[in-house]
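A look at the structure
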Amino acid sequence: MLGGMDTPTEGQIFVNETEITKLDYNELIDYRRHDIGFVFQFYNLIANLTTLENIELACQLSHDALEPRVILKLVGLEDKLNSFPSQLSGGEQQRVAIARAIAKNPKILLCDEPTGALDSKTSVQIMDLLKKISKDKLIIMVTHNEELAEVYSNRVIKLLDGEIIDDSNPYISKEDEKETYKIKKIAMNFKTALTLSF
């Protein structure tokens with residue numbers, strides 16, 4: 001729902017003070033195109049395009065895209081520009097998928113089980129890469145791997161049957177924060193204040 005691919009049956013979703021649940025069809029397309037980058041568990045690369053072409057295709061969708069070759073260097077694939085997905089390992093394909101998502105220069109990167117199809121060593125490499133990217137972008141990741149989530153995340157929200165059962169760093173709205181730190185003025189009548197001063 002946060003990615004604008006599905007709509008809730010009730011409630012509201014706000015992203016940067018915009019209620020995305022009220023966006024019409026074309027506005028949702030723009031939202032997905034410019035604000036969201038998707039990283040899927042099974043890469044979803046276009047098989048007959050090279051690594052570079054997969055990234056360039058994504059860049060054509062964005063008005064503020066980053067340079068594809070620079071992004072491929074960031075993910076350590078500058079030597080695989082002309083390789084097709086079938087010529088890449090699972091970890092390399094996932095790095096291409098991450099590069100494709102960040103090349104659009106989105107505000108938010110949504111990652112659906114980005115390490116689910118990878119071995120443990122490659123999973124750690126992908127998580128290191130995502131941690132590096134998270135210095136500049138908000139990354140929201142869905143995973144069943146609690147160990148990786150605990151090590152690499154600054155906030156872990158656990159769900160069970162669609163309900164939040166734990167939040168390691170709950171969000172406090174500005175209104176709630178004001179209430180928490182509001183200092184109450186205590187009144188004292190003049191006679192009491194005078195008596196206490198001697």
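A brief report on the enclosed structure follows. As the structure is a computational prediction, the values presented were derived from the model and not from experiment. (Residues numbered from 1 in each chain as written. Predicted model: local features only at pLDDT ≥ 70, side-chain atom pairs only at ≥ 80, totals over all residues. Heavy atoms only, no water.)

**What to know about the pattern of salt bridges**
According to the stated counting rule, one finds five salt bridges in the structure shown. One salt bridge connects Glu146 with Lys158, and the closest N-O pair in it is separated by 3.3 Å. Taken together, the residues span a long stretch of sequence, with Glu146 in helix 6 (residues 146-152) and Lys158 in strand 6 (residues 157-160) at a distance of 12 residues. Note that Asp167 is salt-bridged to Arg155, the shortest N-O span being 2.5 Å. Remark: Arg155 occurs in the loop between helix 6 and strand 6 and Asp167 occurs in strand 7 (residues 163-167); sequence separation between them is 12 residues. By relative accessible area, which is 34% here, Arg155 ends up partly exposed. (Salt bridge = Lys/Arg side-chain N within 4 Å of Asp/Glu carboxyl O. Helix = DSSP H or I, 4+ residues; strand = E, 2+ residues; numbered from the N terminus. Buried < 20%, exposed > 50% of the residue type's maximum accessible area, 1.4 Å probe, protein only.)

**So, the packing of aromatic side chains**
Per the counting criterion, the structure on display carries one aromatic pair. Both rings, one in Phe38 and one in Phe40, keep their centres 5.9 Å apart while their planes meet at 10 degrees; by these two values the pair is stacked. (Phe/Tyr/Trp six-rings, centres within 6.5 Å; stacked < 30°, edge-to-face > 60°.)

**Points about a nonpolar patch on the surface**
On the surface, Ile157, Leu159 and Ile164 cluster together into a nonpolar patch covering about 310 Å² of accessible area. Note on placement: Leu159 falls in strand 6. (Patch = residues over 30% accessible without salt bridge, like charges linked within 9 Å, V, L, I, M, F, W, Y side chains within 5 Å. Areas by Shrake-Rupley, 256 points an atom, 1.4 Å probe, with all protein chains shown as cover.)

**Side note on the packing of helix 4 (residues 90-103) against helix 5 (residues 120-133)**
Two elements in contact, helix 4 and helix 5, have axes whose closest approach is 10 Å; the angle formed by their N-to-C orientations is 15 degrees. Comparing their axes, helix 5 and helix 4 come out roughly parallel. For the pair helix 4 and helix 5, the crossing hand works out as right-handed. Every residue of helix 5 that contacts helix 4 at Gly91, Gln94, Arg95, Ile98 and Ile102 is listed here: Thr122, Ile126, Leu129, Leu130 and Ile133. Class assignment of the residues belonging to the contact of helix 4 with helix 5 gives a composition of six nonpolar, three polar and one charged. (Axes fitted to C-alpha atoms, helices over the stretch in contact; angles between N-to-C directions. Parallel < 35°, antiparallel > 145°, perpendicular 65-115°, else oblique. Left-handed = near helix turned anticlockwise from the far one by under 90°. Contact = heavy atoms within 4.5 Å. Nonpolar A, V, L, I, M, F, W, Y, C, P; charged D, E, K, R; others polar.)

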